[in-house]
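Examination of the molecular architecture
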Amino acid sequence: MPDQVSPRRPPRPAADSAPAPGPGSLDAMERAPREEVERHQLVRLRRTLRHAYDHQVFYRRKCQAAGVTPDDLRELADLARFPFTTKQDLRDAYPFEALAVPMDRVLRVHASSGTTGSATVVGYTRHDLDVWADLVARCIRAAGGRPGEKVHVAYGYGLFTGGLGAHYGAERLGCTVIPVSGGQTTRQVRLIHDLRPDTIMVTPSYLLAIADEFRRQGLDPRASSLRTAVLGAEPWTEDMRAEIEDVFALDAVDIYGLSEVMGPGVAGECAETKDGLHVWEDHFRPEIVDPLGDAVLGDGADGELVLTTLTREALPVVRYRTRDLTRLRPGTARPGFRRMARITGRSDDMIILRGVNLFPSQIEEQVLRVPGLAPHFQLLLRRPARLDELTVRVEHRPDAGPVARAAAGVLLATAVREHLGVAAEVEVVAPGTLERSVGKIRRVVDERPG
Ligand code: DLL
């Protein structure tokens, strides 16, 4: 069955070298200078504030309490005077209270999983679905995908926005979609082998599980047809990018989004620079604020990402507190849009261990730097006596012998202590011991009482 295609494949044409405007070339806003993007933002922001104020009862009440009306927005900086929207606001509006259009204009709903509380429902008009497809198409094209290619979608289909969001974006770009959804890993590998997709859209953790399954079936992932992976929905690191690119011989790029604001496609990374995600600022206005307060921090500062939608009809959100931690930098491959650094984690994923703040992504970085360790790990939090204890349970690579395994455990514990400032127990376990996720991975198992 193995067909040894060379992993070195001819480069695709650059997106902006396409001769005429069309699905394969950059659209006008992707080429626009910063001033033009901001001019659009101001017009669209005024419209959004008016729409939210007039049609979302909860947001109007918040504005009234803060003493502002949409007319108070004269320039973009005035946005800082408006109240935030929180996850709790949307929960309180469950299921449909936050909708700003009559239900008969809502063509689809999605919902967040509700793992950190009750679910929130989001709705889309035809126009919202159109914009969403355009923006995911932008992300796939920025990642290297081109019209006429095949895209394997292994994000879950259903209320989760990953599967259908990726699906319609790939179609919009003019690709052939293979709508597999998550799970049934044996079949994922069979389909990749037989249908020969160019691009895969999946969570990074599940792509690693797919790589394991390739090897289990005696297939070399590097010999697969895949050239691009568009990965998101959970935090991942530069070291993980290097691992995935090496395992599959492809370009792995980041895609970001959240259901409350749209779904995947709020921001996407460009394959030619791989330097963070350009926020599609013709449709979203990002800000960085103090995660513990309300102050807006300048570009370049680390903080919580706050997003305002600029074109959504069914569910406009003004200054939504994402809890995702990142920073903003000027654009590179798309100079009119700012870039966000890859998300280090969510403020609510942060582990506070004996006073030290820690994100699972920081452990991931250390794990991937230790020879002999596989990128499969779990963090166990326990409180056997009065103090919290952290155990990193991590798989060794199949080819690591007993000496390498023992050394790897010691190396990881030392690296975690030296780089992150916490003492952690390390348990090195056999390949395949830890449960694989088929969607978003849960890294932390919290066994502390209460
Ligand atoms: O995860 C949408 C999505 C699907 C994005 C597929 C990308 C690809 P939610 O289920 O609402 O929506 O979860 C949103 O996931 O606030 C982040 O904490 C996290 N997240 C999403 N993309 C990334 C990423 C989708 N590229 C939450 N890096 C967000 C890190 C991400 N975290």
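An unreviewed UniProt entry annotates the protein as Phenylacetate-coenzyme A ligase originating from Marinactinospora rubrisoli. Quoted straight from UniProt, the Function (unreviewed entry) entry for the protein says "Catalyzes the activation of phenylacetic acid (PA) to phenylacetyl-CoA (PA-CoA)." The annotation that UniProt attaches to the protein under Catalytic activity (unreviewed entry) is "2-phenylacetate + ATP + CoA = phenylacetyl-CoA + AMP + diphosphate".

Our next topic: the overall build of the protein. A count of helical and extended segments in the protein gives 11 helices and 22 strands. Scored against the burial criterion, the 450 residues of the protein give a buried share of 55%. Taking contacts inside the protein between residues at least 6 apart in sequence as the whole, the part at least 24 apart equals 65%. Taken as a whole, the protein presents about 19,000 Å² of accessible surface, with 53% of it coming from carbon and sulfur.

Those residues carrying the UniProt feature "domain: AMP-dependent ligase C-terminal" (unreviewed entry) are residues 355-448 in this numbering. Taken end to end, residues 355-448 is 31% helix and 32% strand, and its two terminal C-alpha atoms sit 16 Å from one another.

In this section: the pattern of salt bridges. What the rule picks out here adds up to 47 salt bridges. A salt bridge links E281 to R34, with the nearest nitrogen and oxygen atoms 2.8 Å apart. Highlighted residues: E281 in the loop between β9 (277-279) and β10 (284-289) and R34 in helix α2 (residues 34-55), separated in sequence by 247 residues. One exposure class covers both E281 and R34, and it is buried. The salt bridge partner of R448 is D388, with a shortest N-O separation of 2.8 Å. Of the two residues, R448 sits in the segment after β22 (444-446) while D388 sits in the loop between β19 (373-382) and β20 (389-396), which places them 60 residues apart along the sequence. Sharing partners across several salt bridges, the network here consists of D27, E30, R138, R141, E272, D282 and R334.

Between helix α8 (residues 204-216) and helix α9 (residues 238-248), the least distance of the axes is 11 Å, while the angle of their chain directions is 30°. In terms of orientation, α8 lies roughly parallel with respect to α9. Considering only the axes of α8 and α9, their crossing is left-handed. Touching P204, L207, L208, I210, A211, F214 and R215 of α8 are M240, E243, I244, V247 and F248, all from α9. For the contact of α8 with α9, the residue count by class is 10 nonpolar, no polar and two charged.

Here we take up the packing of aromatic side chains. For the structure shown, the criterion picks out four aromatic pairs. Seen from their ring centres, F58 and Y59 are 6.3 Å apart, and the 80° between their planes marks the pair as edge-to-face. By relative accessible area, which is 16% here, F58 ends up buried. Relative to W132, the ring of Y124 has its centre 4.8 Å away and its plane inclined at 10°; by these criteria the two rings are stacked. Note on accessibility: Y124 and W132 belong to one class, buried. Sitting above the plane of the W236 ring, R342 keeps its charged end 4.4 Å from the centroid.

Moving on to the packing of helix α7 (residues 185-195) against α8. Following both chains from N to C, one finds α7 and α8 inclined at 75°, their axes separated by 9 Å at the closest point. The pairing of α7 with α8 is recorded here as roughly perpendicular in orientation. For the pair α7 and α8, the contacting residues are T185, T186, Q188, V189 and I192 in the first and Y206, A209, I210, E213, F214 and R216 in the second. Broken down by class, the residue content of the contact of α7 with α8 amounts to six nonpolar, three polar and two charged.

Moving on, we come to unusual backbone geometry. Here Y94 and P95 are connected by a cis peptide whose omega angle stands at -5°. Position of P95 among the secondary structure elements: in the loop between α4 (87-92) and β1 (108-111). The backbone of A233 sits at a positive phi, close to 80°, despite the residue not being glycine. Phi at K274 is positive, roughly 45°, even though this residue is not glycine. With respect to the helices, strands and loops of the structure, K274 is situated in the loop between β8 (263-269) and β9.

What follows is about the site of the ligand. Around the ligand, the surrounding shell holds 19 residues, and the nearest of these are D254, I255, S259, D324 and K440. Here a nitrogen atom of the ligand sits 3.3 Å away from a polar atom, N or O, in the main chain of E234. Measuring from a nitrogen atom of the ligand, one finds a backbone N or O atom of I255 at 2.7 Å. Per-element tally for the shell around the ligand: the top contributor is strand β7 (residues 251-258), with five residues.

Backbone-to-backbone hydrogen bonds join strands into a sheet, with any given pair of strands oriented parallel or antiparallel. Spatially, β11-β10-β12-β13-β16 is the arrangement adopted by the five strands of the open sheet, whose pairing is antiparallel. Bordering the open sheet on either side are β11 (296-297) and β16 (345-346), each of which pairs with just one other strand. Across two bridges, the pairing between β10 and β11 is antiparallel. The residue bridging V289 from the neighbouring strand is V296, located in β11.

Basis of the calculations
Residues numbered from 1 in each chain as written. Predicted model: local features only at pLDDT ≥ 70, side-chain atom pairs only at ≥ 80, totals over all residues. Heavy atoms only, no water. UniProt positions renumbered as here; feature names shortened; annotations may be inferred. Helix = DSSP H or I, 4+ residues; strand = E, 2+ residues; numbered from the N terminus. Buried < 20%, exposed > 50% of the residue type's maximum accessible area, 1.4 Å probe, protein only. Contact = heavy atoms within 4.5 Å. Areas by Shrake-Rupley, 256 points an atom, 1.4 Å probe, with all protein chains shown as cover. Salt bridge = Lys/Arg side-chain N within 4 Å of Asp/Glu carboxyl O. Axes fitted to C-alpha atoms, helices over the stretch in contact; angles between N-to-C directions. Parallel < 35°, antiparallel > 145°, perpendicular 65-115°, else oblique. Left-handed = near helix turned anticlockwise from the far one by under 90°. Nonpolar A, V, L, I, M, F, W, Y, C, P; charged D, E, K, R; others polar. Phe/Tyr/Trp six-rings, centres within 6.5 Å; stacked < 30°, edge-to-face > 60°. Lys NZ or Arg CZ within 6 Å of the ring centre and 35° of its normal. Near = heavy atom within 4 Å. Polar contact = N/O pair within 3.5 Å; in protein donor to acceptor, adjacent residues only side chain to side chain. Pairing = 2+ DSSP bridges.

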